[in-house]
Each structure stands twice: as structure tokens, then as C-alpha cells.
Amino acid sequence: MRYLINLSYDGSKFYGYQIQNNKLTVEGEVERVLSKILNEKINTIASSRTDRLVHAYNQYCHFDYDKKIDVRRLVKGMNGLIDKGIYIKSIR
């Protein structure tokens, strides 16, 4: 099943959206938290990326996962664990 995430972030402390070695990135945080909650390695695909220090109000990414997820609980769980500069708005 494919899940679509709508998120926003304040890019002030991130080195852009895309994962970079030894740098704090939005994609890295999203994947870290998803992998922790779902207890397996999760990779996301973004609709676009941003550079270092750039903010986003409506960024989208998706991930594939074989099991059905209670998306309301997942949003709440992710927002509780993810860096406070990122906010998960919805998952569907």
C-alpha cells in the first residue's frame, strides 16, 4: 500500500530536504521516525526537494508499506518523535 505524507517544516536548522551524510535533513528525520515506529527500514520519495535553510508549507512524500496503518495514530506518533522543526500535517 502507498501512503502519502503532507508535511511542513522550518528549514532553519536543516541541510535541505534530501538525505546527506552526517547532516540533519528533513528526509532523514522523516525516514528515521517512520522506520522506528513501523519497526523496519522505510524509504520515502519526495515530490520535490529544498536547499539548506529553505522552509516548506506543503511538502509531499510517499512511502510503501505492506500493512494497513491507522494514519491518525501514525501522524500523532510521528509528531511526537520527529524534530520540532518538522510538522506532519496528514497521511493518507
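Here goes a summary of the coordinates provided. (Residues numbered from 1 in each chain as written. Predicted model: local features only at pLDDT ≥ 70, side-chain atom pairs only at ≥ 80, totals over all residues. Heavy atoms only, no water.)

Some words on helix α1 (residues 26-38)
Then, number 1: Counted at 1.5 Å a residue, the expected span for α1 with its 13 residues is 18 Å, and the 18 Å between its end C-alpha atoms agrees.
Then, number 2: The complete set of buried residues in α1 reads Val26, Glu27, Glu29, Val30, Glu31, Val33, Leu34, Ser35 and Leu38.
Then, number 3: For α1, the secondary structure elements touched by its buried residues are β1 (2-9), β3 (56-64), α2 (71-81) and β4 (86-91).
Then, number 4: At the N-terminal boundary of α1, the capping side chain belongs to Thr25, with an oxygen 3.0 Å from the backbone nitrogen of Gly28.
Then, number 5: Residue Asn39 follows α1 closely and has a positive phi angle near 60 degrees. (Helix = DSSP H or I, 4+ residues; strand = E, 2+ residues; numbered from the N terminus. Expected span 1.5 Å × (residues − 1). Buried < 20%, exposed > 50% of the residue type's maximum accessible area, 1.4 Å probe, protein only. Contact = heavy atoms within 4.5 Å. Polar contact = N/O pair within 3.5 Å; in protein donor to acceptor, adjacent residues only side chain to side chain.)

Side note on the environment of Lys41
Then, number 1: Locating Lys41 in the fold gives a position in the loop between α1 and β2 (45-46).
Then, number 2: For Lys41, a relative accessible area of 58% corresponds to the exposed category.
Then, number 3: For the pair Lys41 and Lys76, spaced 35 residues apart in the sequence, the C-alpha separation amounts to 20 Å.
Then, number 4: Sequence-distant contacts of Lys41, that is, excluding residues within four places in its chain, are made with Glu31 and Ser35.

Comments concerning the nonpolar core
Then, number 1: Ile5, Leu7, Val30, Leu34, Phe63 and Ile88 are the most contacted members of the largest nonpolar core, which totals 24 residues.
Then, number 2: Listing elements by their share of this core, those giving two or more residues are β1, α1, β3, α2 and β4.
Then, number 3: In terms of residue count, the dominant contributor to this core is α1 (five residues).
Then, number 4: Filtering out sequence-adjacent residues up to four positions away, Val30 remains in contact with Ile5, Leu7, Thr44, Cys61, Met78 and Ile82. (Core = buried A, V, L, I, M, F, W, Y, C linked by side-chain atoms within 4.5 Å.)

Quick word on the packing of α1 against α2
How two helices sit against one another is set out by the angle between their axes and by the gap between those axes.
Then, number 1: With their axes 10 Å apart at the nearest point, α1 and α2 run at an angle of 120 degrees to one another. Looking at the two axes, α1 sits oblique to α2. Handedness of the crossing formed by α1 with α2: right-handed. Residue-level contacts link Val30, Arg32, Val33, Leu34, Lys36 and Ile37 of α1 to Leu74, Gly77, Met78 and Leu81 of α2.
Then, number 2: Grouping the constituent residues of the contact of α1 with α2 by class yields seven nonpolar, one polar and two charged. (Axes fitted to C-alpha atoms, helices over the stretch in contact; angles between N-to-C directions. Parallel < 35°, antiparallel > 145°, perpendicular 65-115°, else oblique. Left-handed = near helix turned anticlockwise from the far one by under 90°. Nonpolar A, V, L, I, M, F, W, Y, C, P; charged D, E, K, R; others polar.)

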